[in-house]
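# Breakdown of the fold
In case you want the letters, here they are:
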Amino acid sequence: MQVKAVKGMNDILPELTGTWQYLESVVRDVVQSYGYAEIRLPLLEQTELFKRSIGEVTDIVEKEMYTFLDRGGDSLTLRPEATAGMVRAGITNGLLYNQRQKLWTMGPMFRRERPQRGRYRQFHQFDVEAYGFEGPDVDAELIIMCARLWQRLGIDKLGLQINSLGVPASRARYREILVEYFSGVKNQLDQDSIRRLEVNPLRILDSKNPDLSALIEAAPVMLDYLDAESAEHFAELKCLLEAAGVAYEVNPRLVRGLDYYNRTVFEWVTDALGSQGAVCSGGRYDGLVEILGGRPTPAVGWAMGMDRLVDLFHACGGEAPATACDVYIVAVGDGALEQGFVLAEEVRDARPGTCVEVNLGGGSFKSQLKRADKSAARFALILGETELKNDCVGLKPLRSTEDQNSISRDKLVATLSSKLDNPA
Ligand code: ATP
Ligand code: MG
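### Description of the site of ligand 1
Around ligand 1 there are 17 residues in total, and Arg 111, Glu 113, Arg 256, Ala 278 and Ser 281 lie nearest to it. In this structure, Arg 119 approaches ligand 1 through a side-chain N or O atom, which is 2.9 Å from an oxygen atom. Coverage of ligand 1 by the protein chains reaches 93% of its 580 Å² of free accessible surface. Those elements that place two or more of their residues in the shell around ligand 1 are strand S6 (122-131), strand S10 (278-284) and strand S11 (299-305). Element by element, the count of residues in the shell around ligand 1 is highest for S10, at 4 residues.

Structure (structure tokens):
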């Protein structure tokens, strides 16, 4: 019997990895062009880290984490998101206190959700975080950076939603008002929400239950209870976005699925991907470093869902640049394969990055040429008995009607290079 893959954990096959590599490299280029540096983090962390940062009463911590006891008896969890690990790494490596850091990381995340299009149990995020910046300028920069990315990728089916959650004190006041509101309609709430009403009423606003959407729509909004400083912070953010020409919509119901946010929250959403519309989400989490045992450090960041980005890129008509093989070496007869390997290395030396495939596993002249054709290479280089005897190589264009040419061995690499430099 075959062993099946774990539900919700997908293989990304070669026909798609070209697109993944392309998108990852464009996101990396854009982010690095704003001065952000890469940090690489473990996939496993102590369970406690996520409980303390994401919040005990969230979908992630209550039902979605992959948690297990390792052989030493420690409770470990596969990371459901990257921010907690980034902060933990910042604290343990002394990167945060009295410093400014602009960091990015990317890789798989794990949440045991119900798998569906755009929602998987292993999915991939690109994360960008800035530490030590208090003002709305960095919030604006993080959003402007996304806008540049959409432009680079030709993605236009996205809208930006922003909101402010204020400081903890104004959230506490809003919390009371929410409890009052939802208590009045308690008989219409679902089990999860009734429980949350006691422990974490803001989470009700993040409910995905469609039966509650009208109630949530009619609930009082945080923006009306914002403290003066947060209101100013939010106003400045809006000014900076306007000046940069980034369109936004204020969505007062946007609270985000994790507990640690304060002030700015935002989401880039699309309706081109069905119900999984959030492609990139983020916000400010000034309290998190302290919650995790560090000195108070303002922090803000975003996470891009790469699986959804790949989908959206295609939905907007995007295609990654082709990465076909350039040259296929056909080698038939005594000593031909040895010469083929030497030739392939010479081409790679002369023109780094050129994809050269040497025919492996032998075969007749005809069958090797068939493979050459299938490889999508632009040229076949042919080494047969005649070529070896005359110290030359057959150069056969595979994508045009041009004839095969016999080129002397010492001129071959230069001739081939100049042909490859000219587009087909
Ligand atoms: P959603 O509302 O769709 O559940 P979220 O608020 O849980 O998203 P975050 O925790 O902020 O998402 O993660 C950032 C991004 O990661 C999301 O905007 C989304 O693009 C992506 N993402 C989150 N969960 C998944 C998942 N299970 N599968 C694929 N992508 C995901
Ligand atoms: Mg979610």
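There is more to say, and it comes next.
### Concerning the nonpolar core
Core analysis: the biggest nonpolar cluster contains 44 residues, and Tyr 36, Trp 150, Trp 268, Trp 302, Met 304 and Leu 309 have the highest contact counts within it. At 9 residues, the largest contribution of residues to this core is made by helix H5 (residues 136-153). Leaving out residues up to four positions away in the same chain, Trp 150 has contacts with Ile 155, Leu 158, Trp 268, Val 279, Cys 280, Met 304 and Leu 309. One finds Leu 205, Val 255, Tyr 285 and Leu 288 within the second-largest nonpolar core, a separate group that totals 41 residues.

### As for helix H11 (residues 306-315)
Side chains of residues three or four places apart in an α-helix project in the same direction, reflecting 3.6 residues per turn. A large share of H11 lies buried, amounting to 7 of its 10 residues. Looking only at H11, the buried set comprises Met 306, Asp 307, Arg 308, Leu 309, Val 310, Leu 312 and Phe 313. Packed against the buried residues of H11 are helix H1 (14-32), S6, H5, S10 and S11. Positive phi shows up at Gly 317, right after H11, with a value of about 85°.

### Let's talk about the pairing of S10
Of all 7 residues in S10, 7 are buried, a share of seventy percent or more. Sheet topology note: the strand S9 (residues 262-269)/S10 ladder contains 6 bridges and is antiparallel. Bridged to Trp 268 within S10 is Cys 280. As paired strands, S10 and S11 are joined by 5 bridges and run antiparallel to one another. Counted as the bridge partner of Arg 284 is Val 300 from S11.

Here is what the cut-offs are and how they apply
Residues numbered from 1 in each chain as written. Chains lettered and ligands numbered in written order. Predicted model: local features only at pLDDT ≥ 70, side-chain atom pairs only at ≥ 80, totals over all residues. Heavy atoms only, no water. Near = heavy atom within 4 Å. Polar contact = N/O pair within 3.5 Å; in protein donor to acceptor, adjacent residues only side chain to side chain. Areas by Shrake-Rupley, 256 points an atom, 1.4 Å probe, with all protein chains shown as cover. Helix = DSSP H or I, 4+ residues; strand = E, 2+ residues; numbered from the N terminus. Core = buried A, V, L, I, M, F, W, Y, C linked by side-chain atoms within 4.5 Å. Buried < 20%, exposed > 50% of the residue type's maximum accessible area, 1.4 Å probe, protein only. Contact = heavy atoms within 4.5 Å. Pairing = 2+ DSSP bridges.

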